[in-house]
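Take a look at the letters that make up each chain.
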Amino acid sequence: MPDQPFVDLFQDTEHLTWAPTAQVRERGRRRTRHTRIAAALAGVVAVALVATGAVALASDREGAPTPVLPATGSPTPTPTPPATPAPPRPSLTSTTPAVPPSSPARTSGRPSAGSADPAIPAEAMLRLSDLPAGFTMTAGDIDGDWSLESVSIYCREAPSWTFSGGLAQRAVLFESPTVSMIQRVVRYSAGNAAAEMDAIRAFFTNCNPGAPNSSLSVLTDGLGAGDESLLVGSDIEGVRSRWLVVRQGDLVAQVALDMDTTPKEARRYADPVAQRLCAGTDTC
């Protein structure tokens, strides 16, 4: 008795129509060719994929940063040469020390002949005890047109002499209920104090005021005080002024007095002025 599988196969194929043998062979050959072509195409595709992947991998390796290998020990630092100091910039400030050197010590109130300190001590000025009772004293800079130089503006021609200022000066004001006095003491360099006195004489002698009824004059030359002393005055359009001038060594004192001061009254002040100046010069 035949096996059941063969019986089933016979029943399924009993009524089938089979193609001729030649046709079956042709179909087999075509199927074989299709299989070979498919296999060849598959190989080509595989090769292309491999090549593309290799190119992409190479590109990734070229673009990627080179990995830094970890150091196996502490690197030895390269010694840095010492920096060359930059050249000093020019100073914008003075090279003079901020604190000036101290002046040489003095053993008295007056400067020595070789002292570099031109300052005028307060002891070289008039004191209240030198004046009549009722005066008060104020020290410091005295403003206003009170000095004898102020009248030079009235000269018809500019005078050849002008106040030089000297090396140092000091001023003081004395006032009473009825009158005022102003004293200024100026220190000059060697020889210039005497030249200043000569210039004052020449000025009050040669100045010709342009205003009518005006004059300048040396009222008294030689009051017997100090090395030199004189009283000069001006009368400008009815306004009178008087100045006592005393030289002691390199110091010249100018005292503005009352407008009606006479030569006799001027002598009363000339002596104490000269004596006080000795506190500021070695020539007494």
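Per chain, residue numbering runs from 1 following the sequence as it is written. In view of the model being predicted, local features appear only for residues whose pLDDT reaches at least 70, and side-chain atom pairs are presented and counted only at 80 or more, with totals across whole chains, interfaces and linings using the full set of residues. Computation of side-chain values: all heavy atoms of the structure, hydrogens and water removed.

Hey, could you run me through helix 3 (residues 192–206) in this one?
An α-helix turns once every 3.6 residues. As a result, residues three or four positions apart point the same way. Put simply, DSSP H or I for four residues or longer makes a helix, DSSP E for two residues or longer makes a strand, and each gets a number counted from the N terminus. Expected span of a helix, by definition, is 1.5 Å for each gap between consecutive residues, and there is one gap fewer than residues. An ideal rise of 1.5 Å per residue puts 21 Å on 15 residues; helix 3 measures up with 20 Å between its terminal C-alpha atoms. Listed as buried for helix 3 are Ala 193, Glu 196, Met 197, Ala 199, Ile 200, Arg 201, Phe 203 and Phe 204. Should any heavy atoms of two residues lie within 4.5 Å, those residues are counted as being in contact. Of the surrounding secondary structure, the elements contacted by the buried residues of helix 3 are strand 4 (215–221), strand 5 (228–236), strand 6 (239–248) and strand 7 (251–257). A 1.4 Å probe rolled over the protein chains alone gives each residue an accessible area, and that area as a share of the maximum for its type sets the label: buried under 20%, exposed over 50%, partly exposed in between.

I'm lost on empty space enclosed by the protein in this one. Help?
Where empty space is left in the structure can be found by rolling a water-sized probe over the atoms. A cavity, in this analysis, means grid points on a 1 Å lattice covering only the protein atoms where a 1.4 Å probe fits yet has no way out; a pocket is instead an open set bounded by protein on both sides within 12 Å along at least five of seven lines, and a residue lines either one if it has an atom within 4 Å of a point. Grid points are joined across faces, edges and corners, and a volume is the space filled by probe spheres set on the points. Taken as a whole and assessed by the stated rule, the structure comprises one cavity of 30 Å³ or more. If you add up the space inside the largest cavity, you get close to 60 Å³. Along the wall of the largest cavity there are ten residues; nearest its centre are Arg 184, Val 186, Tyr 188, Val 252 and Gln 254. For the lining of the largest cavity, the secondary-structure elements that each account for two or more residues are strand 3 (180–187), helix 3 and strand 7.

Mind showing me how you'd approach the sheet that holds strand 3 here?
Working definition: the strands of a sheet are paired by backbone hydrogen bonds and lie parallel or antiparallel to each other. Following DSSP output, two strands are said to pair if at least two bridges run between them. Reading across the sheet, the seven strands line up as 1-2-3-7-6-5-4 and stay open at both edges, with antiparallel pairing between neighbours. Both outer strands of the open sheet, strand 1 (136–139) and strand 4, are each paired with one neighbouring strand and no more. Sheet twist, expressed as the average angle between the axes of neighbouring strands with direction ignored, equals 20°. Most of the contacts of helix 3 go to strand 5, to which it runs at about 30°, and overall it touches strand 4, strand 5, strand 6 and strand 7. Working convention: axes come from line fits to C-alpha atoms, limited for helices to the stretch in contact. Angles between N-to-C directions cover 0 to 180 degrees. Lying on the sheet, helix 4 (residues 263–277) is in contact with strand 3, strand 4, strand 5, strand 6 and strand 7; it crosses strand 6 at an angle near 35°.

In this structure, what is going on with the state of the cysteines? I would like to understand it.
What we call a disulfide is simply a covalent bond connecting the sulfur atoms of a pair of cysteines. Disulfides are defined as cysteine sulfur pairs within 2.5 Å. For the structure on display, the rule yields two disulfides. Paired through a disulfide, Cys 155 and Cys 207 show a sulfur-sulfur distance of 1.9 Å. Classification of the bridge connecting Cys 155 and Cys 207 rests on its S-S torsion, roughly -115°, and on that basis the disulfide is left-handed. One end of the pair, Cys 155, is in the loop between strand 1 and strand 2 (168–175); the other, Cys 207, is in the loop between helix 3 and strand 4, and 52 residues separate them in sequence. With a relative accessible area of 10%, Cys 207 lands in the buried category.

Explain helix 4 here, please?
Helix length check: helix 4 (15 residues) gives 21 Å between terminal C-alpha atoms against 21 Å at 1.5 Å per residue, within 8%. At every residue, the bend is computed as the angle between two fitted axes, covering the seven residues ending there and the seven beginning there respectively. A maximum bend of about 25° is found in helix 4 at Tyr 269, where proline Pro 272 lies one to four positions downstream. Taken together, the buried positions of helix 4 are Ala 266, Tyr 269, Ala 270, Pro 272, Val 273, Ala 274 and Leu 277. Buried residues along helix 4 sit in contact with strand 3, strand 5, strand 6 and strand 7.

I keep staring at the packing of aromatic side chains and nothing clicks. Help me out?
One pair of aromatic rings is described through two measures. These are the centre distance and the angle between the planes. When the centres of two rings from Phe, Tyr and Trp lie within 6.5 Å, Trp using its six-membered ring, the rings pair. Their planes under 30 degrees apart give stacked, over 60 give edge-to-face, and anything left gives tilted. This model, assessed by the stated rule, comprises two aromatic pairs. Between the aromatic rings of Phe 203 and Phe 204, the centroid separation amounts to 5.2 Å while the plane-to-plane angle is 85°, which identifies the pairing as edge-to-face. Both residues of the pair, Phe 203 and Phe 204, count as buried. A ring pair is formed by Phe 204 and Trp 243, whose centres lie 5.9 Å apart and whose planes are at 55°; its orientation type is tilted. Within this pair, whereas Phe 204 is found in helix 3, its partner Trp 243 is found in strand 6, the two being separated by 39 residues in sequence.

What is the right way to read the environment of Ile 236 from this model?
Position of Ile 236 relative to the elements: it lies in strand 5. Its relative accessible area of 9% is what places Ile 236 among the buried residues. For the pair formed by Ile 236 and Ser 215, sequence separation is 21 residues and the distance between their alpha carbons is 6.4 Å.

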